[in-house]
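Here are the chains, one letter per residue:
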Amino acid sequence: MSLCDLGLKNKAVRDLDIPEVPLVKLDTLWLQIGGTLCNLECTHCFISCGPKNHTHEMMNLKEVQGRLLESKDLGVRDYYITGGEVFMNPDIFEILAAILEYGPLDVLTNGTLITLGKAARLREIQSKSSHRLQFRVSMESFDEKLNDLTRGENSFNKAAEGISNLNSFGFSPILTVTRNWDEAKEAEMEEGFYNFLKSLNISEPRVKILPGFLLGQLAVNTRNYLGHEHVTKECFENYDITNLQCATSRMATKTGVYVCPILVDNDKARMGETIKETLHPFPLAHSACYTCRITGMTCKSN
Ligand code: SF4
Ligand code: SF4
């Protein structure tokens, strides 16, 4: 039995028992500046991003500036940008500089579009700000063939080059990987990823391993959530619900503000037009919340 196994409860009982996560404080603002557009089409992408997915369009500089202004009086401490692929956004450099006027920034990218020239420009932008600029580069495996099987031909070499280019300009990116192995292999896989970063001479090798959410392409290529994979109030009797990232963050997209980066494909997770409209509790009715609860995960870097 898992930590949060509700198999014995029928749906009607579960619906009465959906817990609400409070917004304790808005520490983190996510901005989906890449929309759902990406140069890759990974077979495990939980929002099915790709070159033709226009579900969410990219945010332009003016829209980002609007969200930053909104966030100013709300006590936001740090910012994250994601997509899709953020380096497909034509305003990317101006957006980075704008966000860094407000606070530290983590950039989630697949790394494949980061040339030496772009890395140089990123260093220039960082040198003009007192707030930290940090990168998270996502890959699937330290094995080229396995990586490219999921993320597409030549994506391994391009991402490795992007990581090296960032490193050449003094950035030590965090390697982000979706767990696709058994618990017994955890130490071996972690070591493999650290060794991969060391082989690229990364000064400060760091690895973040995330669970897979059974949404989008991952659901298509593996399975959907099962009926019992939901959370109820019982799941939080011995677990502080405010540990969930949705207790301290929100996700702004081109078309509205969502509860978190995981549920941007779900209309029920769109909490409002403005950030202020979303400063209230959220019912954890989605199966993806089960993954957050049983893994204790956060999309944040630490
Ligand atoms: S997992 Fe990341 S890199 Fe892959 S398609 Fe989705 S957004 Fe793009
Ligand atoms: S998916 Fe995770 S972060 Fe999103 S609302 Fe559910 S528990 Fe919160």
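A. Broad picture of the pattern of salt bridges. For the structure shown, the criterion picks out 12 salt bridges. When the shortest N-O distance is used, the salt bridge between Arg 206 and Glu 204 registers 3.6 Å. Residue classification places Arg 206 among the partly exposed residues on the basis of a relative accessible area of 23%. One salt bridge in this structure joins Arg 223 and Glu 229, with 3.0 Å as the shortest N-O distance. Of the residues examined, Arg 223 reaches a relative accessible area of 36% and is grouped as partly exposed. Ionic contacts of the salt-bridge type, sharing partners, join the residues Lys 25, Asp 27 and Arg 77 into one network.

B. Quick peek at the site of ligand 1. Inspection of the region around ligand 1 gives Cys 38, Leu 40, Cys 42, Cys 45, Cys 49, Gly 84, Asn 110 and Arg 151 as its neighbouring residues. The residue makeup of the shell around ligand 1, split by class, is five nonpolar, two polar and one charged.

C. Geometry of the environment of Gly 66. Structurally, Gly 66 can be placed in helix α2 (residues 61-72). When the C-alpha atoms of Gly 66 and Thr 274 are compared, they prove to be 9.9 Å apart, with 208 residues separating the residues in sequence.

D. Layout of the nonpolar core. By size, the foremost hydrophobic cluster in this structure holds 51 residues, and its most contacted members are Leu 31, Ile 81 and Leu 96. The element contributing the most residues to this core is helix α3 (residues 92-100), with seven residues. Look past the residues within four positions of Leu 96 in its chain and what remains in contact with it is Ile 81, Leu 105, Val 107, Leu 122, Ile 125 and Leu 133. Membership of the second largest hydrophobic core comes to 41 residues, among which are Val 231, Cys 260, Ile 262 and Met 297.

E. Layout of the site of ligand 2. Every residue close to ligand 2 is listed here: Leu 244, Gln 245, Cys 246, Val 259, Cys 260, Leu 263, Phe 282, Leu 284, Ala 288, Cys 289 and Cys 292. Looking at the shell around ligand 2 residue by residue, the classes come out as 10 nonpolar, one polar and no charged.

F. Looking closely at the side chain of Ser 141. With respect to the element layout, Ser 141 can be found in the loop between β5 (133-139) and α5 (144-151). Residue classification places Ser 141 among the buried positions, given a relative accessible area of 6%. Among the polar contacts made by the side chain of Ser 141, one reaches the main-chain amide nitrogen of Asp 143 at a distance of 2.9 Å. Excluding residues within four positions of it along the chain, Ser 141 makes contact with Leu 146, Asn 147, Phe 156 and Phe 193.

G. Examining unusual backbone geometry more closely. Residue Gly 83 is joined to Gly 84 through a cis peptide bond whose omega torsion reads 5 degrees. Summarising the element assignment, Gly 84 is placed in the loop between β3 (78-81) and α3. Its identity as a non-glycine residue notwithstanding, Ser 48 has a phi of 50 degrees, on the positive side. The phi torsion at Asn 154 lies on the positive side, around 70 degrees, for a residue other than glycine.

H. Broad picture of helix α7 (residues 186-199). Taking 1.5 Å as the rise per residue, α7 with 14 residues should run 20 Å; its terminal C-alpha atoms sit 20 Å apart, in good agreement. Listed in full, the buried residues belonging to α7 are Glu 186, Met 189, Gly 192, Phe 193, Phe 196 and Leu 197. Burial along α7 is one-sided: seen end-on, the buried residues are contained in an arc of 135 degrees. Turned more than 90 degrees from where α7 packs its buried face, Ala 187, Glu 188, Glu 191 and Ser 199 sit exposed.

I. Spatial organisation of the sheet that holds strand β8 (residues 249-253). Spatial ordering of the open sheet is given by β7-β6-β5-β4-β3-β2-β8-β9-β10, a layout of nine strands whose pairing is mixed. Only two strands of the sheet have a single neighbouring strand rather than two, namely β7 (206-210) and β10 (270-272). When strand polarity is set aside, the average angle formed by the axes of neighbouring strands in this sheet is 30 degrees. Judged from the five bridges that link them, strand β6 (residues 174-178) and β7 form a sheet pairing that is parallel. Bridged to Thr 178 within β7 is Leu 210.

J. Representation of the environment of Val 137. Its location among the elements puts Val 137 in strand β5. With a relative accessible area of 1%, Val 137 lands in the buried category. Each C-alpha atom, one on Val 137 and one on Tyr 194, is 13 Å from the other, the two residues being 57 residues apart in sequence. Not counting residues up to four positions away in its chain, the partners in contact with Val 137 are Thr 109, Asn 110, Gly 111, Ile 163, Leu 166, Pro 173, Ile 174, Leu 175 and Thr 176.

How each quantity is defined
- Residues numbered from 1 in each chain as written.
- Chains lettered and ligands numbered in written order.
- Predicted model: local features only at pLDDT ≥ 70, side-chain atom pairs only at ≥ 80, totals over all residues.
- Heavy atoms only, no water.
- Salt bridge = Lys/Arg side-chain N within 4 Å of Asp/Glu carboxyl O.
- Buried < 20%, exposed > 50% of the residue type's maximum accessible area, 1.4 Å probe, protein only.
- Near = heavy atom within 4 Å.
- Nonpolar A, V, L, I, M, F, W, Y, C, P; charged D, E, K, R; others polar.
- Helix = DSSP H or I, 4+ residues; strand = E, 2+ residues; numbered from the N terminus.
- Core = buried A, V, L, I, M, F, W, Y, C linked by side-chain atoms within 4.5 Å.
- Contact = heavy atoms within 4.5 Å.
- Polar contact = N/O pair within 3.5 Å; in protein donor to acceptor, adjacent residues only side chain to side chain.
- Expected span 1.5 Å × (residues − 1).
- Arc of directions from axis to C-beta.
- Pairing = 2+ DSSP bridges.
- Axes fitted to C-alpha atoms, helices over the stretch in contact; angles between N-to-C directions.

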